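Here is what each chain is made of, one letter per residue.
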Amino acid sequence: MSASTSIPYFSEDQLAGLGLTTHEVINRIETLILSGDKQQAWSAPKAVIQPGDGRYMMVALAAADDPSVLAVKTVVLNPRNPEQGLPLINGLVTLLDSHSGLPIAILDGNWITAVRTAGLSATAARHMAKNDASVIAFIGCGVQANSHLQAFSTLFPLEKVLLFGRGAVNIERLGDKAAELSLPSVACDSAEEAVTGADIVISSVTHTGDVTPFLDANWLKPGAFAAITDLAVPWGKESFSALDQVVIDDLVQEAAMPNKLMSPDYVTGDLSQLVLGKIKGRNLDSDRNAFVFRGHAMGDLALSTLVYQRALMMSD
Ligand SMILES: NC(=O)C1=CN([C@@H]2O[C@H](COP(=O)(O)OP(=O)(O)OC[C@H]3O[C@@H](n4cnc5c(N)ncnc54)[C@H](OP(=O)(O)O)[C@@H]3O)[C@@H](O)[C@H]2O)C=CC1
Ligand SMILES: O=C([O-])C1=[NH+]CCC1
């Protein structure tokens, strides 16, 4: 291998300091999806190892030719991490030139995972949620809830935040984040209270390998949209029959996965079809819609390329 002797590394603080907006993230995700449709960008189904003790280890791979970048994201999710004061999910993104294979940069994977996952949900929400959604509920109040609150507060005229979590610390932290955004928040006594009261529901509950479903899509009110980031593990899967449109992140990836997000009968299509206008995100004001997903490598590539280009621009 030749090229430079050191590979630039971008930390979480450096990436956060670039000041990217949610609209920039969504636009880059949509642009990359359009490139994928023209065979100028590609992704592979993620590879996952689950040793059976609750850990979930995965690699996501995507590449494009304009700009010429390949991104590999590797993360380990360990439900015991928070007990050690560590984030639930830790990892890295490695960027290579997609023609030569030479290294470009290494990025903090935690920030990328938080912001790209909210970016994927926001991309779906732009097509599937009602524009006037004003009450947002969080089931699970950790890292993902935080990045989703940030993203959704810039897209929708939010007036209230409903919180349902587990430990008090993260519930309070998310309430504080809402207050920073000038949004009142209410800690709910039950998940049903949070879901039934909301126009938008974000579920991001800890993946432990043995979560008993406690959420029911029948609780969603007419017109509501749910972004289900947690592989739908806490949801009663049969209840998805109550929904009008259910979009997943990638049909090709889903076909390769052993544990399906839900019965294919409930799936309207995937994010690419939504962005390309091949399926409609919302038909009626009263429709109940959901984006249910396990993570799309195109999102990691889109955001990683965007931050790398922005960092170069800012260092000029
Ligand atoms: N689809 C995708 O691309 C991605 C999906 N994810 C999913 O998101 C999940 C959350 O990730 P992240 O936000 O980083 O993790 P965090 O640990 O930061 O947050 C998880 C939250 O869920 C809460 N929780 C756990 N069990 C319950 C329960 N039974 N009822 C209500 N709340 C509960 C936790 O409570 P407490 O505060 O007590 O810990 C915590 O607030 C992951 O487990 C993964 O499944 C994550 C990244 C990408
Ligand atoms: O795609 C992703 O980054 C993840 N999906 C589940 C946990 C992390």
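This write-up is about the structure you can find in this document. (Residues numbered from 1 in each chain as written. Chains lettered and ligands numbered in written order. Predicted model: local features only at pLDDT ≥ 70, side-chain atom pairs only at ≥ 80, totals over all residues. Heavy atoms only, no water.)

**Describing the site of ligand 1**
- Around ligand 1, 27 residues are found, and the nearest of them are Val-143, Gln-144, Gly-167, Asn-170 and His-207.
- The separation between an oxygen atom of ligand 1 and a polar main-chain atom of Gly-167 is 2.8 Å.
- Contact with the protein chains removes 88% of the 920 Å² of surface that ligand 1 exposes when unbound.
- Of all the secondary-structure elements, those providing two or more residues to the shell around ligand 1 are helix 3 (109-128) and helix 4 (143-155).
- For the shell around ligand 1, the leading source of residues is helix 3, giving 3 residues.
- Taken together, the residues that form the shell around ligand 1 break down as 10 nonpolar, 13 polar and 4 charged. (Near = heavy atom within 4 Å. Polar contact = N/O pair within 3.5 Å; in protein donor to acceptor, adjacent residues only side chain to side chain. Areas by Shrake-Rupley, 256 points an atom, 1.4 Å probe, with all protein chains shown as cover. Helix = DSSP H or I, 4+ residues; strand = E, 2+ residues; numbered from the N terminus. Nonpolar A, V, L, I, M, F, W, Y, C, P; charged D, E, K, R; others polar.)

**A few points about the pattern of salt bridges**
- For the structure shown, the criterion picks out 9 salt bridges.
- When the shortest N-O distance is used, the salt bridge between Asp-199 and Lys-221 registers 3.2 Å. Here the residue Asp-199 occupies a position in the loop between helix 6 (191-196) and strand 10 (200-203), and Lys-221 occupies one in the loop between strand 10 and strand 11 (225-228), the gap between them amounting to 22 residues.
- For Asp-199, a relative accessible area of 16% puts it in the buried group.
- Residue Lys-221 is classed as partly exposed on the basis of its relative accessible area, which comes to 29%.
- Each of the salt bridges in this network shares a partner with another, and the network as a whole consists of Asp-53, Arg-55 and Arg-80. (Salt bridge = Lys/Arg side-chain N within 4 Å of Asp/Glu carboxyl O. Buried < 20%, exposed > 50% of the residue type's maximum accessible area, 1.4 Å probe, protein only.)

**Some remarks on the side chain of Lys-46**
- Turning to its location among the elements, Lys-46 is positioned in strand 2 (residues 41-49).
- There is no salt bridge for the buried Lys-46, and the closest opposite charge comes from Asp-249, which lies 6.1 Å off by N-O distance.
- When near neighbours in sequence (up to four residues on either side) are disregarded, Lys-46 contacts Tyr-56, Met-58, Val-59, Gln-253, Met-257, Arg-294 and Gly-295. (Lys, Arg positive; Asp, Glu negative; His and termini not counted. Contact = heavy atoms within 4.5 Å.)

**Quick notes on the side chain of Ser-147**
- Structurally, Ser-147 can be placed in helix 4.
- Reaching out from Ser-147, the side chain makes a polar contact with the backbone oxygen of Ala-114 at a distance of 2.9 Å.
- Within polar-contact distance, the side chain of Ser-147 engages the backbone oxygen of Gln-144 at 3.1 Å.
- In this structure, Ser-147 is in contact with Ala-114, Val-115 and Ala-118, ignoring residues within four places of it in sequence.

**Observations concerning helix 2 (residues 22-37)**
- Its 16 residues place the ends of helix 2 23 Å apart at the C-alpha level, agreeing with the 22 Å of an ideal helix rising 1.5 Å per residue.
- Thr-22, Val-25, Ile-26, Ile-29, Glu-30, Leu-32, Ile-33, Ser-35 and Gly-36 are the residues of helix 2 that are buried.
- Buried-residue contacts for helix 2 involve strand 2, strand 3 (56-65), helix 3, helix 4, helix 8 (271-275) and helix 9 (297-315).
- Just downstream of helix 2 lies Gln-39, where phi reads positive at about 60°. (Expected span 1.5 Å × (residues − 1).)

**A word on the sheet that holds strand 10**
- On the basis of which strands lie adjacent, the open sheet formed by 8 strands has the order 9-8-7-10-11-14-12-13 and parallel pairing. Looking at which strands have only one partner, the edges of the open sheet turn out to be strand 9 (185-187) and strand 13 (269-270).
- As paired strands, strand 12 (residues 245-248) and strand 13 are joined by 2 bridges and run parallel to one another. What sits directly across from Ile-248, in strand 13, is Asp-270. (Pairing = 2+ DSSP bridges.)

**Some points on the packing of helix 2 against helix 3**
- Put simply, helix 2 and helix 3 touch, their axes get as near as 9 Å, and they point 80° apart. Taken together, the axis directions place helix 2 and helix 3 in an arrangement best described as roughly perpendicular. Residues Thr-22, His-23, Val-25, Ile-26, Asn-27, Ile-29 and Glu-30 of helix 2 form the contact with helix 3, whose own contacting residues are Val-115, Arg-116, Gly-119, Leu-120, Ala-122, Thr-123, Arg-126 and His-127.
- A per-class count over the contact of helix 2 with helix 3 returns 6 nonpolar, 6 polar and 3 charged. (Axes fitted to C-alpha atoms, helices over the stretch in contact; angles between N-to-C directions. Parallel < 35°, antiparallel > 145°, perpendicular 65-115°, else oblique.)

**Topic: the sheet that holds strand 4 (residues 68-77)**
- Spatial ordering of the open sheet is given by 1-6-5-4-3-2, a layout of 6 strands whose pairing is mixed. Looking along the sheet, the strands with just one partner apiece sit at the ends: strand 1 (9-10) and strand 2.
- Examined bridge by bridge, strand 4 and strand 5 (residues 89-97) share 9 bridges and lie antiparallel to one another. Considered in strand 5, the bridge of Val-76 is made with Asn-90.

**Focus on the environment of Leu-215**
- Assignment of secondary structure puts Leu-215 in the loop between strand 10 and strand 11.
- Expressed as a C-alpha distance, the spacing of Leu-215 and Ala-118, which sit 97 residues apart in the sequence, is 20 Å.
- With residues up to four places along the chain from it excluded, the contact list for Leu-215 reads Ile-139, Ala-191, Val-195, Ser-203, Pro-234, Trp-235, Gly-236 and Ser-239.

On their own, these measurements won't tell you what the molecule is for.
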